[in-house]
Amino acid sequence: MPDSAAPDPAALNRLRRVHGVVLDMDGTLVMGDRNNQGMVPLPGASALLETLAERGTGFCIYTNGTVKTPQQIADVLQGIGLPVREEQVLTPSSTAVDVFVERGYQRVMVLGGKGITEPLEAAGIETVPPLRGTPCDAVMAGWFRQELTFDALEAAVFAVFDGAAMYSASQSLFFATAEGRSLGTSRAISAVVRDITGREATVVGKPSLDALRTAARRLGLEPEDLAVVGDDPELEVPMAHAGGAFAVAVHTGIGHAESFTELPPEVRPHLDLADVGVLAELLRG
């Protein structure tokens, strides 16, 4: 639906039956720089959170960023006037905990910082730095921009050669910043590992079904009871469709008004809106 078009009545009816909302962060609720700093709310962010609170609709924020822990993200959002609690924030590390515990992994090599290591360690999983020869059950790649070295890549490659499973926070090419699109590090890292070892990385962030299931569990709902809201045509809308959730696209980040017009109807967003403020108005209506 272009910005000026009227919403489909069937989509509005389904929207009003939604019991929980999964919100993207960068490009949807806020915009920061390429180092995940200097965040400011995007149009309608406060209005949407207020509307969800008034309706008693549970929500969580799922960001593919792994620079910060959920507590740090909640602190930043609260600092710019968005009332978000730690338990309402999810990252690929949240889903990695679910997946790694289920698969019995005890030691994980991390190409990333505290945004990955702290959640894993809190769940009783040992994390180790990317040093060649370090035994591990899995390798996890996330935000690793300044710290990335050839030695770290080599450590990940040989860990996978030795039998470790490869995981990636995201396979997105880009993420939205105030400076324009920035390259996602986890995709770059796992591309090197795949090229050398032939092993594909398992994505634990969006748009994986594991990510949607983590959000559904956090909200105490089934995936089909959720609306998923985001700006990236490759993340939130495909994830919503894969899990039977309600898909809402906004145009304040990677996506724009023409991002979905050429797609088959069955993979387009149910609602295609200018920003989350429009979503707030529809929910109030």
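The preceding data block contains the structure.
Analysis parameters
Residues numbered from 1 in each chain as written. Predicted model: local features only at pLDDT ≥ 70, side-chain atom pairs only at ≥ 80, totals over all residues. Heavy atoms only, no water. 1 Å grid on protein atoms, 1.4 Å probe; cavity = no way out; pocket = protein on both sides within 12 Å on 5 of 7 lines; lining within 4 Å. Points joined across faces, edges and corners; volume = space filled by probe spheres on them. Helix = DSSP H or I, 4+ residues; strand = E, 2+ residues; numbered from the N terminus. Nonpolar A, V, L, I, M, F, W, Y, C, P; charged D, E, K, R; others polar. Pairing = 2+ DSSP bridges. Salt bridge = Lys/Arg side-chain N within 4 Å of Asp/Glu carboxyl O. Buried < 20%, exposed > 50% of the residue type's maximum accessible area, 1.4 Å probe, protein only. Phe/Tyr/Trp six-rings, centres within 6.5 Å; stacked < 30°, edge-to-face > 60°.

Chemist: I'm lost on the layout of surface pockets in this one. Help?
Modeler: Picture a little ball the size of a water molecule; that probe, rolled over the atoms, points out where space is still empty. The computed volume of the largest pocket comes to approximately 210 Å³. Looking at the largest pocket, the residues that line it are Thr69, Pro70, Glu86, Glu87, Val89, Ser93, Ser94, Val97, Glu118, Pro119, Ala122 and Arg218. Listed by contribution, the elements that provide at least two residues to the lining of the largest pocket are helix H4 (92-103) and helix H5 (114-122). When grouped by side-chain class, the residues that make up the lining of the largest pocket number 5 nonpolar, 3 polar and 4 charged.

Chemist: Where do I start with the sheet that holds strand E15 (residues 271-273) in this structure?
Modeler: Each strand in a sheet pairs with its neighbour through backbone hydrogen bonds, running either in the same direction (parallel) or in the opposite one (antiparallel). Sheet architecture is open: 6 strands sit in the order E5-E4-E1-E13-E14-E15, paired in parallel fashion. Bordering the open sheet on either side are strand E5 (89-90) and E15, each of which pairs with just one other strand. Judged from the 4 bridges that link them, strand E1 (residues 20-23) and strand E4 (residues 58-62) form a sheet pairing that is parallel. Looking at E4, one finds that Val22 is bridged to Cys60.

Chemist: I keep staring at the pattern of salt bridges and nothing clicks. Help me out?
Modeler: Between side chains of opposite charge, a pair can form as their charged atoms come close. Scanning the model with the defined rule gives 7 salt bridges in all. Glu87 is paired through a salt bridge with Arg85; the nearest N and O atoms lie 2.7 Å apart. The partner of Lys206 in a salt bridge is Glu236, with the nearest N and O atoms 2.7 Å apart. Taken together, the residues Lys206 in the loop between strand E12 (202-203) and helix H8 (209-219) and Glu236 in helix H9 (residues 236-243) connect sequence positions 30 residues apart. The exposure classification of Lys206 matches that of Glu236, with both residues buried.

Chemist: Even after reading the chapter, I still don't get the packing of aromatic side chains, so can you show me in this structure?
Modeler: Aromatic ring pairs: the centre-centre distance and the angle between the two ring planes describe each pair. Summed over the entire model, instances satisfying the criterion amount to 4 aromatic pairs. Centre to centre, the rings of Phe100 and Tyr105 are 5.4 Å apart; their planes meet at 55 degrees, and the pair counts as tilted. Looking at Phe100, the relative accessible area reads 0%, which means it is buried. When its relative accessible area of 17% is taken as the criterion, Tyr105 is described as buried. Ring geometry for Phe100 and Tyr167: centres 4.9 Å apart, planes at 75 degrees, overall edge-to-face.

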